[in-house]
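Okay, here's what each chain looks like letter by letter:
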Amino acid sequence: PQFYQQGFGNPIYNYPRPYTSAYLQDSWAMKPNFTLNVGVRYELDSQYGALPSDYNNVAPRVAFSWDPFNDHKTVIRAGYGIFYSPIYGQIADVVQTLGFVNNFRQIPQVFVPLTGAPGNPALTSAVIFGTLFAQGKVTCATAAPGQQACITPGDLTQFGINVTQQGPPPPLSVVFSAQPGYRNPYSQQAEFGIERQVAKDFSVSLSGIYVHTIGLPVAIDLNALSSTPVTNVPLASGGVATFHNWRAPQCAVLVNNPCFAQPALLQTNQYSSLGASLYEGGILEVKKRFSNYLQLFGSYTLSKAFDTTTDFNSDFGPQDNTNLAAERGLSNFDQRHKVVVAGVIDTGNRGNNSLGKFASGWQFAPIYRFNSGHPFNLLAGTDVNGDRHSTNDRPIGAARNTGEGPDFSAFDMRLSRKFKMGERGDFQFIAEGFNLLNRLNFASVNNIVGPNFGLPLALGGGGATSFNVHGTVAPVINAPLAFTSAYPARQLQLGLRASF
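Residues numbered from 1 in each chain as written. Predicted model: local features only at pLDDT ≥ 70, side-chain atom pairs only at ≥ 80, totals over all residues. Heavy atoms only, no water.

A. Focus on the overall build of the protein chain. Looking only at helices and strands, one finds three helices and 23 strands in the protein chain. Over its C-alpha atoms the protein chain spans a radius of gyration of 30 Å, topping by over 25% the 23 Å that the globule rule assigns to 500 residues. Residues classed as buried in the protein chain amount to 41% of the 500 residues present. If you sum the accessible surface of the protein chain, you get close to 26,500 Å²; carbon and sulfur atoms cover 59% of it. Averaging the coordinates of the 33 positive side-chain charges in the protein chain and doing the same for the 30 negative ones gives two points 10 Å apart. (Helix = DSSP H or I, 4+ residues; strand = E, 2+ residues; numbered from the N terminus. Rg over C-alpha atoms; globule rule 2.2 N^0.38 Å. Buried < 20%, exposed > 50% of the residue type's maximum accessible area, 1.4 Å probe, protein only. Areas by Shrake-Rupley, 256 points an atom, 1.4 Å probe, with all protein chains shown as cover. Lys, Arg positive; Asp, Glu negative; His and termini not counted. Charge placed at Lys NZ, Arg CZ, Asp CG, Glu CD.)

Written out as structure tokens, the structure is:
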């Protein structure tokens, strides 16, 4: 356990959020071989309380389709648009219920770290838990008459903790707020593609996609200051890691503290629209439309995605709250290579003799899928830099999302046949197989490697010379970097479908 956490107050949350939008669009055939599409949307995602509403969400769109040779065999398509996203409802909820709004906190929170309270290292989460456990408060099943819970604010006064809903937040509080001018996330999306018919019912296309997303939500703890002392640590790779060290001795004082804006408070998390992401991809597609009982489709995608944040939850906040730029790394959904090959083969009508009747009406639909692995974030499992956040710290010197997860490959197939049932009905036999080759596809990796993973062995570290690591098959499933789960093995299912 890293913290003792307790909240009090009214948990009821009920606030309406009207969402209003309007749009205009037009399609203009400027020439027989050139069509222009234009449009614009306006979206108002109404907020309430301390979270401001964003009133300038104007989203223009433009696209065209062009047959340059006027032969209906080549088409060039391109488009650009701005797309807004609604704000997650939980953000407004947390700002209202866990924030300090109009000199009032609906749910006051108390956090006590395992390492001790600021200015009082003897008061630890272990002391509080042990005391309340011995008093029967932790194992209590029924609250006392008139109380909402077994543990009340009065039970914490023995530790010098005073829980109040009005007035300035007392020491050990965690408070949430919203960035002034908080806005809806939006993305600028563009695509350019060329498709060419190379034979009857057979085409090839090549497309490029660009998506730049701005204003992604991220929780930043304003309590952490950039004037915090800096520490240099040698790495096993031969380099040196430099990081803000909120564990420095001068960070422990409660007066004139250079490390924390409000040293007595644990966290002052502010939801901010400062995150960003960038996706760039190229797609090659081959299509054989259904003719002569055959349909084929194949695609290959080469892409790369970067971002500065994974999730708006404060557990996924930046390792250094004073340097969001240092979080820029591969996105969790980054997937460098993806291949899909699929087809449908229909035997059609093969004659009226016995063999022909048996061979008629069958349909085979195979599909093969492959994708390279997704990145994963190396975690220390503890508060390395002492900023009072323990869920987002990486080993000293590690950048974000440097691990590469396992790839995935599967061959699936669907086999079906229809049988007539009189004049108006039929039934269909269906057999489906997933991962028919029974490939072992690992799904997840234990990414908690410890705080000293990349430090030299002489300094008590793990001696890893690179943070660009992969998962491994380990005899102990909770070993660092061990695969912890796998996707299903071969699966078969049978079905019948009747139509009337």
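B. Representation of helix α2 (residues 125–134). Along α2, the residues that are buried comprise Ser125, Ile128 and Leu132. Seen from one end, α2 has its buried residues packed into an arc of 70°, which puts them on one side. Next to the buried residues of α2 lie β1 (3–7) and β6 (109–113). Taken from the residues just after α2, Gly136 is the one with a positive phi, measuring 80°. (Arc of directions from axis to C-beta. Contact = heavy atoms within 4.5 Å.)

C. Here's a closer look at the state of the cysteines. Within the structure shown, the criterion is met by two disulfides. The disulfide partner of Cys140 is Cys150, and the S-S distance across this bridge is 2.1 Å. Between Cys140 and Cys150, the S-S torsion sits near -60°, and that sign places the bridge as left-handed. Pair noted here: Cys140 is in the loop between α2 and β7 (174–178) and Cys150 is in the loop between α2 and β7, with a separation of ten residues, a long-range link. Among the residues examined, Cys150 registers a relative accessible area of 15% and is labelled buried. Covalent S-S linkage joins Cys251 and Cys259, the inter-sulfur distance amounting to 1.9 Å. Residues Cys251 and Cys259 are joined by a disulfide whose S-S torsion is about -65°; by sign, that bridge is left-handed. (Disulfide = S-S within 2.5 Å.)

D. The pattern of salt bridges, seen in detail. One pass over the full model with this rule turns up 14 salt bridges. As a salt-bridge pair, Asp155 and Lys137 come within 3.5 Å of each other at their nearest N and O atoms. You can see Asp155 sitting in the loop between α2 and β7 and its partner Lys137 sitting in the loop between α2 and β7, a full 18 residues away along the chain. Look at Asp155 and you get buried, because its relative accessible area is 12%. (Salt bridge = Lys/Arg side-chain N within 4 Å of Asp/Glu carboxyl O.)

E. Region of the structure containing the side chain of Ser303. Structurally, the position occupied by Ser303 is in strand β13 (residues 294–307). A residue is classified by how much of its surface remains accessible, and Ser303, at 7% relative accessible area, is buried. In terms of polar contacts, Ser303 uses its side chain to reach the backbone carbonyl oxygen of Gln335, at 2.8 Å. If near-sequence neighbours (up to four positions away) are discounted, Ser303 is found in contact with Tyr279, Glu280, Gly281, Asp334, Gln335 and Arg336. (Polar contact = N/O pair within 3.5 Å; in protein donor to acceptor, adjacent residues only side chain to side chain.)

F. Highlighting the side chain of Gln270. Residue placement: Gln270 occurs in strand β12 (residues 267–291). On the accessibility criterion, Gln270 (13% relative accessible area) is buried. Among residues more than four places away in sequence, those in contact with Gln270 are Ser177, Ala178, Gln179, Pro180, Val218, Ala219, Ile220 and Leu222.

G. How the structure looks around a nonpolar patch on the surface. The grouping of Leu24, Val40, Tyr42, Tyr55 and Val58 at the surface amounts to a nonpolar patch, some 480 Å² of accessible area in total. Within the secondary structure layout, Val58 lies in strand β4 (residues 58–66). When its relative accessible area of 42% is taken as the criterion, Val58 is described as partly exposed. (Patch = residues over 30% accessible without salt bridge, like charges linked within 9 Å, V, L, I, M, F, W, Y side chains within 5 Å.)

H. Up close: the nonpolar core. The biggest cluster of nonpolar side chains holds 32 residues, and the ones touching the most others in it are Ile128, Leu156, Ile161, Leu172 and Tyr271. Elements represented by at least two residues in this core include exactly α1 (89–97), β6, α2 and β7. The element that contributes the greatest number of residues to this core is α1, accounting for four residues. Setting aside residues up to four positions removed in sequence, Leu156 forms contacts with Tyr4, Phe8, Leu132, Ile161 and Val163. (Core = buried A, V, L, I, M, F, W, Y, C linked by side-chain atoms within 4.5 Å.)

I. View of the environment of Val58. Sequence separation of Val58 and Glu43 is 15 residues, and the distance between their C-alpha atoms is 6.8 Å. For Val58, the contacting residues outside a window of four places in its chain are Val40, Arg41, Tyr42, Ile82 and Tyr84.

J. View of the environment of Gly356. Note that Gly356 resides in helix α3 (residues 354–359). Considered as a pair, Gly356 and Cys259 are 97 residues apart in the sequence and their alpha carbons are 83 Å apart. Ignoring sequence-local partners within four residues, the contact set of Gly356 consists of Arg350 and Gly351.

K. A look at α1. Regarding α1, the residues found buried are Ile91, Ala92, Val94, Val95, Gln96 and Thr97. Against β7, β9 (202–221) and β12 lie the buried residues of α1.

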